[in-house]
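Residue strings, one per chain:
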Amino acid sequence: MSNGSLTRKLGFWSALAIAVGTTVGSGIFVSSGDVAKAAGIPSISILAWIIGGVIAIPQVMVLAELSTAYPQNGSGYVYLNKAGWRPLAFLYGWATFWALDPPSISIMALAIVAYLASFFPFFAGIAGKLLGVAIILIITSIHYRSVKAGGSFQVIITAVKIIPFLIVIVLGLMYMNFDNFVYTPAAGAASSSLIGGVSATTWAYTGMAAICFMAGEFKNPGKVLPRALISSVLIVLGLYTLLAVCVTGLMPFDKLMGSSSAVSDAIKYIPGLSGMASSFVAVTAIIVILGSLSSCIMFQPRLEYVMARDGLFFQRFAKVHPKFETPSFSIIAQVTLACILVFFSNLTELLGYFTLIQLVINILDFAAVYKCRKREDYNPIYRMPMWKVTTILAILGAGWLAWGTFTWAPVQGMIAAAIVIATGLPVYYYWEKKYGSKSSQDNSNIVA
C-alpha cells in the first residue's frame, strides 16, 4: 500500500526508453528537408545534424549533475527552487501545465488520427476527434495503474519505433547514390549556412530531460540518470546522422531541399518500396508518435504533483493512488484537459508562442547549477567535467534555441510571456501566503 509518496520502481532501460522515446518524434519526418534547405549543400547538412547533437551533450551533463544532486521528481522546478528562484520555479510549472503539457498530448493524439485517416477515411471530423480521445485514455490507463507497467510499455514501444528507422538506414546504405553527395548550388542561390542548418536540427534533439521529471522514481538514480541522459543523446545523435546520410544518398539534394516529407520521398528511391512509401511512413509515424505520447502522459503529471506537495499548486494534484502508487489525480486532470483540447483546432501555432518563456526558464535551469553548487546539501554523485565551461556551453545552446524562437514570433512570444507572468504571479503569492513554503523538496517527495 502507498504511504502517500511515489516510490523508486524504475530502472535504466525505462529511463533510456523515456528519454529516447520523448526525443524521437514526428518532426524527424520533415526536418531533414528543412535542415538541407537551411544548410545549402549535402556536407553541411550532415554536419549540422552532428553538431546539433553535440550541442545537446553539455546540456544533458548539467542535468545529470543536478538530477543526481537532487534525485527528486520535478526537474527544472526543483533546480530553480534550490537556486532560490522560487517564483520562477512556479512560473515554470504554471506555463507548462496550462500552455504546453496537455496541449502537446492533444496535438500528438490528433497527429496519430491524421495518419490513421490515410488508411481509414472514416476517422475524419468528429469521429477522428473521438478516436483521439480514446487513444489518450487507453495509454493513460496503463500509466495510471502502474509505473512499472508504464515503464515496461515505454521500453517496448520505443524499441518498436526505432525499427522502421533502422530499416530505412540499412536499405539506404545499400541503395544510395554517391553522386547525390556532390551538389553545386544554382547561380543566385542562397549561400550555405552551417548555423542555419544546426538551428533547424535543434528542436529534434529536445526531450532527453524528460526523465528528470521522474528522478524520484528511478532506482539507484546516481548511476541510472547520468547513464540514461548521456546514452540517449548519443543514440539519437547516431540515429539522426545515419538517417541524414541515407536520405541525402537516396534522393537528389535539390529535391531534398524542397521536400516537406523527406523520409517518405527518400523511400521512393528504394527498389521495392517506392510503391508503399506513403504507407510505410504513415505506419512508422503512428508508432513513433504513440511512443512520444506515452512518454508525455507518463512523465508530465509528475511536475504538478511535486508542485502541489510544495504548496504551489492545487492540493488535489499531490494525491497518490493508495494501490497503484501513481500521481492519480494529476494524471487524470492533465489528460482530461488534453481530451477537451482535442476538440479545438489550430492549437499548434497558438501554443507555440508560449515556448519562449519555457526556453528562457530552461536557460535559468542550467544557470541554477552555479547557485546550487554553493548549497551545503549539494552532493551530486555525477559531476560534469570542466563544469564552468560545460555549463556555459549548455546555456549558449539553450540561448540559441530561445533566440531562434523569439525571431520566429517576437511579439506573440512576448505577449505569451506577459500572460504567463500576469496570471501566474498573483496565484503564486496567493498559494505562498496560504500554504507557506511546505518545502517538500527538502522533506523528500519520494521513498527510497
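Description of the structure in this document.

Analysis parameters
Residues numbered from 1 in each chain as written. Predicted model: local features only at pLDDT ≥ 70, side-chain atom pairs only at ≥ 80, totals over all residues. Heavy atoms only, no water. Helix = DSSP H or I, 4+ residues; strand = E, 2+ residues; numbered from the N terminus. Rg over C-alpha atoms; globule rule 2.2 N^0.38 Å. Buried < 20%, exposed > 50% of the residue type's maximum accessible area, 1.4 Å probe, protein only. Contact = heavy atoms within 4.5 Å. Salt bridge = Lys/Arg side-chain N within 4 Å of Asp/Glu carboxyl O. Phe/Tyr/Trp six-rings, centres within 6.5 Å; stacked < 30°, edge-to-face > 60°. Polar contact = N/O pair within 3.5 Å; in protein donor to acceptor, adjacent residues only side chain to side chain. Patch = residues over 30% accessible without salt bridge, like charges linked within 9 Å, V, L, I, M, F, W, Y side chains within 5 Å. Areas by Shrake-Rupley, 256 points an atom, 1.4 Å probe, with all protein chains shown as cover. Expected span 1.5 Å × (residues − 1).

### With respect to the overall build of the protein
Assigned secondary structure in the protein consists of 19 helices and 2 strands. Rg of the C-alpha trace for the protein: 22 Å, near the compact-globule value of 22 Å for 448 residues, within the 12% margin. With the C-alpha coordinates of the protein rotated into their principal frame, the extents come out at 65 × 50 × 40 Å. Taking all 448 residues of the protein together, the buried fraction comes to 56%. Within the protein, contacts between residues separated by at least 24 positions form 84% of all contacts whose residues are at least 6 apart in sequence.

### Some words on the pattern of salt bridges
Under the criterion given, the structure shown has 8 salt bridges. Across the salt bridge formed by arginine 86 and aspartate 310, the nearest N and O atoms sit 2.9 Å from each other. Within this pair, whereas arginine 86 is found in helix 5 (residues 86-117), its partner aspartate 310 is found in the loop between helix 13 (301-309) and helix 14 (328-341), the two being separated by 224 residues in sequence. Judged by relative accessible area, which is 10%, arginine 86 ranks as buried. Arginine 302 serves as the salt-bridge partner of glutamate 217, at 2.8 Å between the closest nitrogen and oxygen. Here the residue glutamate 217 occupies a position in the loop between helix 8 (194-201) and helix 9 (221-250), and arginine 302 occupies one in helix 13, the gap between them amounting to 85 residues. For glutamate 217, a relative accessible area of 0% gives the class buried. When its relative accessible area of 1% is taken as the criterion, arginine 302 is described as buried.

### Examining the packing of aromatic side chains
Considering all chains together, one arrives at 29 aromatic pairs under this definition. With a centroid separation of 5.8 Å and an interplanar angle of 65°, the aromatic rings of tryptophan 94 and tryptophan 98 are classed as edge-to-face. Here tryptophan 98 and tryptophan 94 lie together in helix 5, a separation of 4 residues that amounts to about one turn. For tryptophan 94, a relative accessible area of 10% puts it in the buried group. Judged by centre distance (5.1 Å) and plane angle (85°), the ring pair of phenylalanine 317 and phenylalanine 329 falls under edge-to-face. Of this pair, phenylalanine 317 sits in the loop between helix 13 and helix 14 while phenylalanine 329 sits in helix 14; the two residues are 12 residues apart in sequence, bridging distant segments of the chain.

### Some details on the side chain of glutamine 334
Take glutamine 334: it is sitting in helix 14. Assessed through its relative accessible area of 0%, glutamine 334 is described here as buried. Within polar-contact distance, the side chain of glutamine 334 engages the side chain of glutamate 304 at 3.1 Å.

### Topic: a nonpolar patch on the surface
Together, Ile126, Leu130, Ile340, Phe343 and Phe344 give the surface a local cluster of nonpolar side chains, amounting to about 510 Å² of exposed area. Take phenylalanine 343: it is sitting in the loop between helix 14 and helix 15 (347-352).

### Focus: helix 12 (residues 277-299)
Over its 23 residues, helix 12 runs 33 Å from end to end, which matches the ideal 33 Å to within 8%, given 1.5 Å per residue. In terms of burial, helix 12 is largely enclosed, as 19 of its 23 residues are buried.

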